[in-house]
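What the coordinates show
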Amino acid sequence: AIPFLMLFAALPISSFNDVFLASFIAFVVLSQQFHRLSHFKRSQLSPLVVALQDAGLLVSITEHGAHHRVPFNRNYCIVSGLWNQPLTVAGFFPALENAIVALTGVEPRCWAEPDYDWIGDSPGYYEDDADEVMAEGPPS
């Protein structure tokens, strides 16, 4: 995102550039907010958000929760989750991980054995009805 912002900041001011930049920033902010909503309990969400999650237009708590469970290597799509299945079937994320390792030498955390002490015994952290879901999301 930052390289695109720097590119457009360097371009002459024009209506197109202004609209593009404003739209880009708005969609980045909205995508992060939609992702954040997948870290709440259903009871904490508005009926509209629950309906959008149930319709598959926003990623659901349970679907996004699979990304936060061992082996931590699936469901990377954070807005609607619509592309999770097709990208998984196509092998997109493992290919992307391999490309990043080839370019940087840095392996993804999902390739290492997880810290099971951190994970704990809570089976329902990201279940729709779990009491353990925190409004602020998981620890980082």
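Look up: the structure comes first, before these words.
The following refers to the structure shown. (Residues numbered from 1 in each chain as written. Predicted model: local features only at pLDDT ≥ 70, side-chain atom pairs only at ≥ 80, totals over all residues. Heavy atoms only, no water.)

Description of helix α6 (residues 92-104)
Definition in use: By the criteria applied, helices consist of DSSP H or I runs no shorter than four residues and strands consist of E runs no shorter than two, each listed in order from the N terminus. A helix's residues, less one, multiplied by 1.5 Å, set its expected span. Note on contacts: a residue pair qualifies if any of its non-hydrogen atoms lie within 4.5 Å across the two residues.
Its 13 residues place the ends of α6 18 Å apart at the C-alpha level, agreeing with the 18 Å of an ideal helix rising 1.5 Å per residue. Buried residues belonging to α6 abut α5 (84-89). A positive phi of about 80 degrees marks Gly105, the residue just after α6.

Considerations on the environment of Phe93
Relative to the helices and strands, Phe93 resides in helix α6. For the pair Phe93 and Asn73, spaced 20 residues apart in the sequence, the C-alpha separation amounts to 8.1 Å. Setting aside chain neighbours within four positions, we find Phe93 in contact with Tyr76, Cys77 and Leu87.

A few points about the packing of aromatic side chains
Put simply, the rule reads: Note on aromatic pairs: the rings of Phe, Tyr and Trp (six-membered ring only in Trp) are paired at centre separations within 6.5 Å, and the planes decide the class, stacked below 30 degrees, edge-to-face beyond 60, tilted for the rest. A simple rule labels every residue: compare its accessible area, found with a 1.4 Å probe on the protein chains alone, to the largest value its type can have, and call it buried under 20%, exposed over 50%, or partly exposed in between.
Under the defined criterion, the tally for this structure stands at four aromatic pairs. Ring centres of Phe20 and Phe24 lie 6.0 Å apart, and the angle between their planes is 20 degrees; on these two criteria the pair is classed as stacked. Of the two residues, Phe20 and Phe24 both sit in helix α2 (residues 15-37), four residues apart, roughly one turn of that helix. Residue classification places Phe20 among the partly exposed positions, given a relative accessible area of 30%. On the basis of relative accessibility, which here comes to 22%, the residue Phe24 falls in the partly exposed class. Cluster of aromatic residues (ring-pair linked, three or more members): Phe16, Phe20 and Phe24.

Let's talk about the side chain of Ser80
Defined as follows: The definition of a polar contact used here is a pair of N or O atoms within 3.5 Å, where within protein one atom must be able to donate a hydrogen and the other to accept one, and adjacent residues in sequence count solely through side-chain atom pairs.
In this fold, Ser80 is placed in the loop between α4 (61-65) and α5. Separated by 3.0 Å, the side chain of Ser80 and the backbone nitrogen of Leu82 make a polar contact.

With respect to helix α3 (residues 47-54)
Put simply, the rule is: For this quantity, the arc is that covered by the directions from the helix axis to the C-beta atoms.
Those residues of α3 not exposed but buried are Val49, Val50 and Gln53. Here the buried residues of α3 occupy an arc of 100 degrees about the axis, which is enough to place them on one side. Facing away from the buried side of α3, by more than 90 degrees, are the exposed residues Pro47, Leu48 and Asp54. Buried residues along α3 sit against α2 and α4. Count one or two residues on from α3 and you reach Gly56, which has phi positive near 85 degrees.

Treat this as a map of the structure, not an account of what it does.
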